[in-house]
Structures are given as C-alpha cells and as structure tokens.
Amino acid sequence: MSTEIQHRVERGAIPLLAVAHGSADPRSTTAVSALFDRVRASRPDLDVRVSYLDHVSPGPEDALTDLAAGGVGEVVVLPTLLTAAYHSKVDLPRVLAKAQEESPWLRVSYADTLGPHPLLLDAVERRLAEAGARPAPDTALVLVSAGSSDAEANATVRSLAARLAERGPWREAVAAFASAQSPDPGEAVADLRERGAENVAVASYLLAPGFFSDRVRDRSTAAGASVVSEALGDAPELARVVLERYDAAVAARHARV
C-alpha cells in the first residue's frame, strides 16, 4: 500500500460498513457490537458502521442510503462472515447493486469475508484455552461451524480443522456443522469417543453466541464432550482481520483508479 493510501486509511477517509448476518438473539448483536467497538478503539479516526442482513436494523441498504445522504462518496463494505457462502456471494451483492442504482455516485469496495485467515485459528485456540482445553495426544478436537449449502464453504471448514491438527498435538481434529451438513457436533463427538478418544474438545467456529452456539453446546455435551468453547466474538484477532480486510479493499480500489 502506498504512503498516500495508508495515510488516507489512517485518517478514516473511507468509511467501513460491516454487514453481519443478524440474529433474533440479542447476545449476537451484543457480541458483534463489541467486536466493532474493539475495531474503533484500534483505529479511532475510522468511521465504522454496522448493519445486518436479517433480524436487526439497520440493513445494509438503509445503511448505504444513510451514508450517501450524508455526502459520503466512497465506502468499504465488509461481509462479517467466517466463510464465503451464499450470503457473501449472492445476497449481499444483490443488496449492493440495488443501493448503487439508487445512489450511483457512491463508490463501493467489497472486502473479503473474515475467513479463512490464519488469525482466526489463533482466535479459535484462544477460546479453547479460555475454556480449559489444550492440545494433547489424548484429546481429539471438533471444529464446528454453522454449516452451509455451499460445498466450498464446508470444505474450507474441513481444511481449517486439518490446519488446527497440524498446529498442536491433538489426537486428531475433524470438522462438524450445526446445520445443513453432516456430521453435526454430537455425531462427531460420539464417533471420536467410540474410536478411543479419552477427551473431546469442541471449538465453536461461530462469530457470535445465539441459536447455533446453544445447539453446538447442547449436542456436544450430550455426546460426551469435555469442553465446548465460546463463539469467537470480540477476540482481538478478529479485530485485526477486520482492519486487514478493510486496508486490502482500499488498496485494491485505489490500485484500479
């Protein structure tokens, strides 16, 4: 990134609009808000706004309209999702296209999703450690995501589980899914225990607490998991990823000008 672009980034010349999934569970909104409070604290001059695809206001279209009405000419939109799937590939691009039809002068740079990223594995390990789990030869690991109808997104989660196995002396590490795909966390835990794992730790590869995190905990515990970590939430590693994605989108935008 050039010195000029970096200076503009640091001054917050281009606002950041985060778009999270949204949930009817207020714990989710609280966690997302805490994450972006951490982002603001890391870069105080950056105008950071948060919107949601569902359940919570504002939606991304309303947020973009508000930015345009306030005289903003350029914005970076960040899909605040842990994998690239239907929401980031189809839903959100449709919303952005409609918003730009209504405000054609508004230049929108679309950042990459948060994951995959090595720092997210650091965040997973942080939450496991906070829950009391450490890599050990007698402990198997289950990495659980929300699950998706997108095969590429699910393959990404399986790849992340394999990378976690490489980073620590786990007995083995497997992926599981809270919905849409098999195995679910209970099935994965039961299978590992049947195959001789003395302990099974479950890592929640979820952005925020809510329906899926409760399902993961309930099914994992019922199947005999010894530890279930919390959602990633406002882990500092996530805030760093947010700013990396933002900076990369700004740099790519200005490289094209």
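Right, let's walk through the structure included here. (Residues numbered from 1 in each chain as written. Predicted model: local features only at pLDDT ≥ 70, side-chain atom pairs only at ≥ 80, totals over all residues. Heavy atoms only, no water.)

### With respect to the pairing of strand β7 (residues 199-204)
- For β7, a buried count of five out of six residues is recorded, marking the element as mostly surrounded by other parts of the structure.
- Across six bridges, the pairing between strand β5 (residues 139-145) and β7 is parallel. What sits directly across from L141, in β7, is A201.
- With two bridges joining them, β7 and strand β8 (residues 227-228) adopt parallel strand pairing. Paired with A201 across the two strands is V227, which belongs to β8.
- In this view, the connection linking β7 to its parallel neighbour β8 by way of helix α8 (residues 211-222) has right-handed handedness. (Buried < 20%, exposed > 50% of the residue type's maximum accessible area, 1.4 Å probe, protein only. Helix = DSSP H or I, 4+ residues; strand = E, 2+ residues; numbered from the N terminus. Pairing = 2+ DSSP bridges. Right-handed = clockwise from strand over helix to strand, strands pointing away.)

### Re the pattern of salt bridges
- Summed over the entire model, instances satisfying the criterion amount to 18 salt bridges.
- Where R195 meets E172, a salt bridge forms, and the shortest distance between an N and an O atom there is 2.8 Å. Residue R195 is located in the loop between α7 (185-194) and β7, and its partner E172 is located in the loop between α6 (151-167) and β6 (173-177); the two are separated by 23 residues in the primary sequence.
- When its relative accessible area of 40% is taken as the criterion, R195 is described as partly exposed.
- Judged by its relative accessible area of 24%, E172 falls in the partly exposed class.
- When the shortest N-O distance is used, the salt bridge between D184 and R219 registers 3.3 Å. Of this pair, D184 sits in the loop between β6 and α7 while R219 sits in helix α8, and the two are 35 residues apart along the sequence. (Salt bridge = Lys/Arg side-chain N within 4 Å of Asp/Glu carboxyl O.)

### Thoughts on the sheet that holds strand β3 (residues 74-79)
- Across the sheet, which stays open at both edges, the four strands sit in the order β2-β1-β3-β4 with parallel pairing between neighbours. The open sheet has two edge strands, β2 (48-52) and β4 (107-110), and neither has a second partner. The mean angle between the axes of side-by-side strands here comes to 25 degrees, regardless of whether they run parallel or antiparallel.
- Strand direction decides the pairing type here: strand β1 (residues 16-20) and β2, joined by five bridges, are parallel. Pairing of V19 across the sheet is with S51, part of β2. (Axes fitted to C-alpha atoms, helices over the stretch in contact; angles between N-to-C directions.)

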